[in-house]
Amino acid sequence: MEFFLITLLNSLSYGLLLFMLSSGLTLIFSMMGVLNFAHASFYMLGAYFAYQTGLYVGFWPALFLAPLLVGALGALTERYGLRTVHKFGHVAELLFTFGLAYVIEEIVHLIWGRAPVDYRIPAGLDFTLFTLYTTQYPAYRGFMMLVSVGMLAALYLGLTRTRIGLVIQASLTHPDMVEALGHNVPRVFMLVFAGGAALAGLAGVIGGNAFITEPGMAVAVGSIVFVVVVFGGMGSLTGAFIASLIIGALQTFSVALDYSMLDLFGKLGLSVSPHSSWHGLWSITISQTAPVMPYLLMVLMLIVRPRGLMGTRES
Amino acid sequence: MSPVVTRRRIIFWAAAALFFALLPLVFTQSFALSMLSQMGIAIIFALSYNMLLGQTGLLSFGHAVYFGLGAFFCAHALNLVGAGKFWLPVTFMPLVGGLAGMFFGLVLGFVTTRRAGTPFAMISLGIAEMVAASALMFTGFFGGEGGIATDRTVGGAVMGISYGPQIQVYYLIAGWCLVCIIGMFAITQTPLGRMANAVRDNPERAKFVGYNPTRVRWLMMTLAGFFAGVGGGLAAINYEIVTAETLGVMASGNAVLMAFIGGIGHFWGPIIGAVLVTLLQSALSNYTQAWLLYFGLFFLGIIMFSPGGIANLIMLHKPVWQAGRLKRLLPGYSLSGSAGLVMLLGFFAMIEMIYHLEAKEAANKAFSFFGVTLDPTRPSFWIGTLVVLAAGVAMFYGTTRVVKRAWDDITAELQVKGVV
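Source: prediction; values computed, not measured.

1. Section: the overall build of chain B
In step 1: Helix and strand content of chain B: 17 helices and 4 strands.
In step 2: Taken over the C-alpha trace, chain B has a radius of gyration of 24 Å; the compact-globule value for 420 residues is 22 Å, and the two agree within 12%.
In step 3: Once the C-alpha set of chain B is aligned to its principal axes, its extents read approximately 70 × 65 × 45 Å.
In step 4: Scored against the burial criterion, the 420 residues of chain B give a buried share of 42%.
In step 5: For chain B, the share of sequence-separated contacts (at least 6 apart) that also reach a separation of at least 24 residues comes to 78%.

Printed below as a string of structure tokens:
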């Protein structure tokens, strides 16, 4: 029970972090039709910027500064990169973001080196929030959830209750009509791209010190975020939310379970000889399969329901 | 319909075969020979990738899966021959890789090709991640971190060919490379190749003509898997070791880079890309730590300014060349070329200075840059580099106008003549 509750809490905070990334990705995709390969790179930049600005001004100002910086970079990327490539079609746009991810990783190598940087949880949040049975739950995990939920609420209210949110929603489906009504749709695109990048940056700020800040962090999380978006259905925020929580739980739980098929056979009173050619396969533990699980789930979803959990269109 | 086998084509392919055969006589060093072998493998890989991206419009981020699985199966087949449990001449060993690649193209393609466009790109990436993660899980087949080692000389000497010396391996690779190039070119001429183009351009109309776009994609995927597998098999023979990195996402990204830099709009584009990328990767990585950055920036530059790749840049000049006006472009090209060189020099010096400043272990941060010693700890060098860079940028922008004017004149003349 203790194990279950703690793992559930951990998976919730991880799932919410995934949603901060996937929400921006799915918004950008449904608006511009661009799958942003560099999205996870913005996540990484968020962590590094927070580390660097945190050295001068401390964690709390960095929490606001770093996402703003990443958002500004996102705006520049859209304005001077994507908009130039747009006329060459979707493949060129996608490959542009692919190349950008490559370049960002190399620039991070260039500036901060290949080893992880010492980006730490602020001292003010480094205490035990509560003790569940015997396990101490760190306050920073609670803070992560708080920020994620706050962001979620702000995103929802911003999209449904504000004027610019309504313009964004209208531009999703009827860009020509919105333009005819006198709104600057390219600027709305830029805003959405910058907003998505800033969200990813914020996720990096709070995720970078909880996990690890290193040049490989973009690649590690990037493909998981893609799985989330495909699983939840391309372009659906609700789908992305549910998928984030499911994938988060799947990854967190499977890492923690150290059972294999051999243990199951043992319970059933069967035994497999170590010389059997299948012994290697049966002795793989659930935790060993953890990296494969999300992709397996995605492939299954694509076979059963190609448009994803909440997706409305086929492609 | 024009005949498929024409005298012109026979002469062309015979010339290509002769070219491949004569190359090692020109490049005799062992370094050049192993590079040529690497290029042959890269050409097969890039061309098979372009069957998907260029011909069928499928942007795959997981093509190394078929290449890598082909390599693993070939390595295991070689080891089985060594153990005496299986018999096949090493010359035909790449076929094992090809069949493995084809099989996995068939199986995985069934899942991936149900969608096209962006969803296909994401799904192919997911499959690639899945296979890469599984490779580290099933250590029996994939050998874990160390990979699977093999021995290419297991077949013994057949008519004096034991595949021990690199030159023999080169001719094996060159032969298979030629066969694969001809095979892939032949596919573009078949009804399937034409339908693949139709499915790329307008799947709905392809459907109206009576073809199932999903099936066309699936078939192309299977065939591309075959050729990638042949390439993988050759890689297993060439390196005599196959690691999980061979089928990783980075390797798949390499296929995208090679095909796109070369140009996906022409059949021969990826060949240029494969040769250039292999050359850059092994040449640049010897000189600078920052080569991946230059490489990425080069790729971004191609996408932003010439999305048709190098092949398209070359083909732009075809009408000008035919009209005999190519030399009118020369002054502009040489001017902006030298200005661009200055700009690049300034840029490279800048990046190298940042790199050497960041290298914490070295006490003396000064380094040699094209024979000039640069010291990133002294501000005067930064100012100097900045001046070179700024001058280069200004000159480059100034001279591109000359090029543009020459192009405009020529285009106008050609339009009057009705060539363009």
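Moving on from the coordinates now.
2. Quick notes on the overall build of chain A
In step 1: Assigned secondary structure in chain A consists of 14 helices and 2 strands.
In step 2: For 315 residues, the compact-globule formula gives about 20 Å, and the C-alpha radius of gyration of chain A, at 21 Å, lands near that figure.
In step 3: C-alpha atoms of chain A, sized along the principal axes, occupy 75 × 50 × 40 Å.
In step 4: Here chain A holds 315 residues, and 43% of them are scored as buried.
In step 5: Pairs at least 24 apart in sequence give 75% of the contacts found in chain A among residues at least 6 apart.

3. Here we look at the nonpolar core
In step 1: Counting 185 residues, the largest nonpolar core has Leu 21, Val 70, Val 225 and Val 228 of chain A together with Ala 46, Cys 74 and Leu 247 of chain B as its most contacted members.
In step 2: Those residues in contact with Ala 46 of chain B that sit more than four places away from it in its chain are Ala 255, Met 258, Ala 259, Gly 262, Pro 270, Gly 273 and Ala 274 of chain B.

4. Some words on the pairing of strand 2 (residues 135-138) of chain A
All names here are of chain A.
In step 1: Direction of pairing for strand 1 (residues 128-132) relative to strand 2: antiparallel, over a ladder of 4 bridges. Following the sheet pairing, Thr 131 is matched in strand 2 by Gln 136.
In step 2: Counted along the chain from strand 1 to the antiparallel partner strand 2, the turn is 2 residues long, and its residue Tyr 133 has a positive phi close to 55 degrees.

5. Describing the interface of chain B and chain A
In step 1: Listed as interface residues are 35 residues of chain B and, on the opposing side, 39 residues of chain A.
In step 2: Element by element, the count of residues in the side of chain B that touches chain A is highest for helix 5 (residues 117-137) of chain B, at 14 residues.

6. Section: the packing of helix 1 (residues 2-32) of chain A against helix 10 (residues 237-256) of chain A
Residues and elements named next belong to chain A.
In step 1: Running from N to C, helix 1 and helix 10 point in directions that differ by 140 degrees, and their axes come no closer than 7 Å. Taken together, the axes of helix 1 and helix 10 lie oblique to each other. Considering the relative orientation of helix 1 and helix 10, their crossing is right-handed. Residues Thr 7, Asn 10, Ser 11, Tyr 14, Gly 15, Leu 18, Phe 19, Ser 22, Ser 23 and Thr 26 of helix 1 touch helix 10, and the partners they reach there are Leu 237, Ala 240, Phe 241, Ser 244, Leu 245, Ile 247, Gly 248, Ala 249, Thr 252, Phe 253 and Ala 256.
In step 2: For the contact of helix 1 with helix 10, a count of residues per class yields 11 nonpolar, 10 polar and no charged.

7. Description of the domain arrangement of chain B
Interface extent is often summarised as the accessible area lost during association of the parts.
In step 1: For chain B, the assigned domains are domain 1 (7-309) and domain 2 (317-417).
In step 2: Each of domain 1 of chain B and domain 2 of chain B was reduced to a C-alpha centroid, and the two centroids are 34 Å apart.

8. As for helix 10 (residues 213-239) of chain B
In step 1: Helix length check: helix 10 of chain B (27 residues) gives 38 Å between terminal C-alpha atoms against 39 Å at 1.5 Å per residue, within 8%.
In step 2: When you tally the buried positions in helix 10 of chain B, you get 24 out of 27 residues, the bulk of the element.

9. Concerning unusual backbone geometry
In step 1: Residues other than glycine seldom take positive phi values, yet Glu 240 of chain B does so here, at roughly 60 degrees.
In step 2: We classify Glu 240 of chain B as partly exposed; it has 16 C-beta atoms within 10 Å.

10. Brief notes about the environment of Thr 190 of chain B
In step 1: For Thr 190 of chain B, the location among the structural elements is in the loop between helix 7 (166-189) and helix 8 (191-201).
In step 2: Taking the number of C-beta atoms within 10 Å as the measure of exposure, Thr 190 of chain B has 11 and is therefore exposed.

11. A closer look at the packing of helix 4 (residues 93-112) of chain B against helix 10 of chain B
Residue and element names in this part refer to chain B.
In step 1: Orientation of helix 4 relative to helix 10, taken along the N-to-C sense of each, is 145 degrees, at an axis distance of 6 Å. Two packed elements cross with a definite hand, and for helix 4 against helix 10 that hand is right-handed.
In step 2: Here the residues of the contact of helix 4 with helix 10 sort into 18 nonpolar, 10 polar and no charged.

12. Here's the deal with helix 14 (residues 293-304) of chain A
In step 1: Taking 1.5 Å per residue as the helical rise, helix 14 of chain A with its 12 residues ought to reach 16 Å, and the 16 Å between its terminal C-alpha atoms agrees with that figure.
In step 2: Within the span of helix 14 of chain A, buried status applies to Pro 294, Tyr 295, Met 298 and Leu 302 of chain A. Projected down its long axis, helix 14 of chain A carries its buried residues within an arc of 95 degrees, all on one side. The exposed residues of helix 14 of chain A that point more than 90 degrees off its buried face are Leu 300, Ile 303 and Val 304 of chain A.
In step 3: Residues of helix 14 of chain A that are buried sit in contact with helix 9 (217-232) and helix 10 of chain A together with helix 4 and helix 5 of chain B.

13. Regarding the environment of Ile 383 of chain B
All names here are of chain B.
In step 1: Among the secondary structure elements, Ile 383 is positioned in helix 17 (residues 379-417).
In step 2: Judged by the 10 C-beta atoms lying within 10 Å of it, Ile 383 is exposed.
In step 3: Sequence separation between Ile 383 and Val 216 is 167 residues, and the spatial gap between their C-alpha atoms is 58 Å.

14. As for the confidence of the model for chain B
In step 1: In this model, chain B carries a mean pLDDT of 86, and residues with pLDDT of at least 70 account for 97%.
In step 2: Taken together, the chains of this predicted complex give a pTM of 0.86 and an interface ipTM of 0.84.

What counts, and at which threshold
Residues numbered from 1 in each chain as written. Chains lettered and ligands numbered in written order. Predicted model: local features only at pLDDT ≥ 70, side-chain atom pairs only at ≥ 80, totals over all residues. Helix = DSSP H or I, 4+ residues; strand = E, 2+ residues; numbered from the N terminus. Rg over C-alpha atoms; globule rule 2.2 N^0.38 Å. Buried ≥ 20, exposed ≤ 12 C-beta atoms within 10 Å, placed from the backbone. Contact = placed C-beta atoms within 7 Å. Core = buried A, V, L, I, M, F, W, Y, C linked by C-beta atoms within 7 Å. Pairing = 2+ DSSP bridges. Axes fitted to C-alpha atoms, helices over the stretch in contact; angles between N-to-C directions. Parallel < 35°, antiparallel > 145°, perpendicular 65-115°, else oblique. Left-handed = near helix turned anticlockwise from the far one by under 90°. Nonpolar A, V, L, I, M, F, W, Y, C, P; charged D, E, K, R; others polar. Domains from an automatic or database assignment. Expected span 1.5 Å × (residues − 1). Arc of directions from axis to C-beta. pLDDT = per-residue confidence, 0-100.

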